[in-house]
Amino acid sequence: MNTYTFSLSGLNDANRELVPCQLGIIKPYLTANWVLCSDNEQVDACIVNDASTAAKSAVLTIPLVHELRLLDKGEFDSPLRVLTLLELLNYAESCLSSVPEDIHTSMAEWLSLIAMSGSGDLYFHAGTQTFMCVLNKVLRTNAADKHELVDLIFNSSITDWKKSEDVSILKPSLELPITSLLWSLGLKERTYATQKWNKPDTLYRLLSWPQLGHWESTAPMFRLASLYGRKAASIKTGVLVSGLSEEEVSVFLHACSVSGLKVNTEKEETDSVTQPPINASLSVLQAFKAKLGL
Amino acid sequence: MLLKVVFIGPMGSGKSTAIQTISEIKPVKTEARNTERFKVDKPTTTVGMDFGEINLGEHGKVALYGVPGQRRFDFMWPIITKGAMGAILLLDCSQDSCWEDFKYFVDAFTKFVDPSSFVVALNRADESDIDHCNQLLMDEGLTMPVFCSDPRSEQDLTILLHVLISNAELRFLLD
């Protein structure tokens, strides 16, 4: 059994006091040995409640809200429940055993946490003086356009972005819906997405649809949304119906997740839908698509 | 070969307008004086059905049907929706009864059209309306595509049709 270290960041005192006791209770049920460390120690995983406090020394950052959603635990319940901690650490173990050490965190996940916190904090990129501020699902920035900002965020790390107390510098030239920006950013994080989402024994189910057509999208993404919206399915099934690679299917799921859509993991590939046959053939549907210019 | 797409939703949600926007023939309408102007203030409303067409050449046609939105015409709904490849549920989020109508129409039409063949099109809506709609669907254990959509916009309606086609294609690939 492997031994991993973890720390807590952004959790309140009540949580901090409970976690060591909870760890003792769940120890026999964990898939690895976990050692709780203090804030400043080098750790394998850091459970964070607030994106801005993400530990820079951790191999894996576990944003609570995001990961709990992935585990179908809904919203973060404070204090952290003992069974949730168990699932969270076992999930972290499965991530750590497959994630190469150079994969730290996803900038899209970091930004989605900032958006979820709703704090309206101002962040500026030390190298370029580009700033961004997310409030009420709108990102305000002085970047020239969305693509420039997406590229800048994608090519940066969390430490490049400094929180500023001086809101007087906030003179935005651009306002963007945060979900659309997160979607585009998620689509760029190919390596991270593959590591995180391409798990052969896991089935994914999309509980709401991305705004395809309004967000950056391609025709195969419509089929992926149809598939994962209809049933829990593997990455391989996604490849089968879309004609995309495993990496591209993983990227699609990652983009869905970071843009706030709920992606569940399930165990069985059951199709709850029993549909009557439709009076059509694939060639007719293709003709319909061609007619619409798709 | 005839494909059938059905536009459903309450009175004044934009079904007739949507069909008019994408139909390649002059839509057949069954308009009569609106006796429920206290609900939606427009002079006429559909009492039979709307009908439009998209021509696919040698592959046939796509028939576009609009159901009458008033609940007293619900006896016509299973007749019109029979054999449809999908249904587009239109809602006007500026109407007070929008979410009540949403629940009513989802409940009524999932008896005739499979939930995976639905698309929800929200007119006069924003992102928070999409979130709310998704939450209502999740509460019912349903997953449906939900989009902001202007029934006067050919581009918006093309997205909705693309979703229906993708859902239909999937049935061939999985079944």
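I will try to describe carefully the structure that is included in this document.

Attention now moves to the interface of chain A and chain B. The interface is formed by 44 residues belonging to chain A together with 42 residues belonging to chain B. Roughly 4000 Å² is buried in total at the junction of chain A and chain B, and carbon and sulfur atoms are behind 67% of that figure. At the boundary of chain A with chain B, the tally comes to four salt bridges. Notably, a salt bridge pairs Glu 169 of chain B with Arg 223 of chain A, separated by 3.0 Å at the nearest N-O pair.

Let us now look at the nonpolar core. Here is a general trend for soluble globular proteins: nonpolar side chains tend to be buried in one another's company. Tyr 228, Phe 252 and Phe 288 of chain A are the most contacted members of the largest nonpolar core, which has 56 residues in total. Residue contributions to this core peak at nine residues, all from helix H5 (residues 154-174) of chain B. If we skip the residues at most four places from it in the chain, Phe 288 of chain A touches Leu 3, Ile 54, Leu 56, Val 62, Met 85, Leu 161 and Ile 165 of chain B. Counting residues in hydrophobic clusters, the runner-up holds 31 residues, among them Met 76, Phe 102, Ile 130 and Met 144 of chain B.

At Gln 129 of chain A, a position not held by glycine, the phi torsion is positive, near 65°. Assignment of secondary structure puts Gln 129 of chain A in the loop between strand S5 (122-125) and strand S6 (131-135).

Here the focus is the side chain of Asp 129 of chain B. Inspection of the secondary structure assignment puts Asp 129 of chain B in helix H4 (residues 127-139). Although Asp 129 of chain B is buried, it makes no salt bridge; Lys 137 of chain A carries the closest opposite charge, 10 Å away. Not counting residues up to four positions away in its chain, the partners in contact with Asp 129 of chain B are Cys 93, Trp 99, Leu 122 and Arg 124 of chain B.

Reading the values: rules and limits
Residues numbered from 1 in each chain as written. Chains lettered and ligands numbered in written order. Predicted model: local features only at pLDDT ≥ 70, side-chain atom pairs only at ≥ 80, totals over all residues. Heavy atoms only, no water. Contact = heavy atoms within 4.5 Å. Buried area = accessible area lost by both parts, 1.4 Å probe. Salt bridge = Lys/Arg side-chain N within 4 Å of Asp/Glu carboxyl O. Core = buried A, V, L, I, M, F, W, Y, C linked by side-chain atoms within 4.5 Å. Buried < 20%, exposed > 50% of the residue type's maximum accessible area, 1.4 Å probe, protein only. Helix = DSSP H or I, 4+ residues; strand = E, 2+ residues; numbered from the N terminus. Lys, Arg positive; Asp, Glu negative; His and termini not counted.

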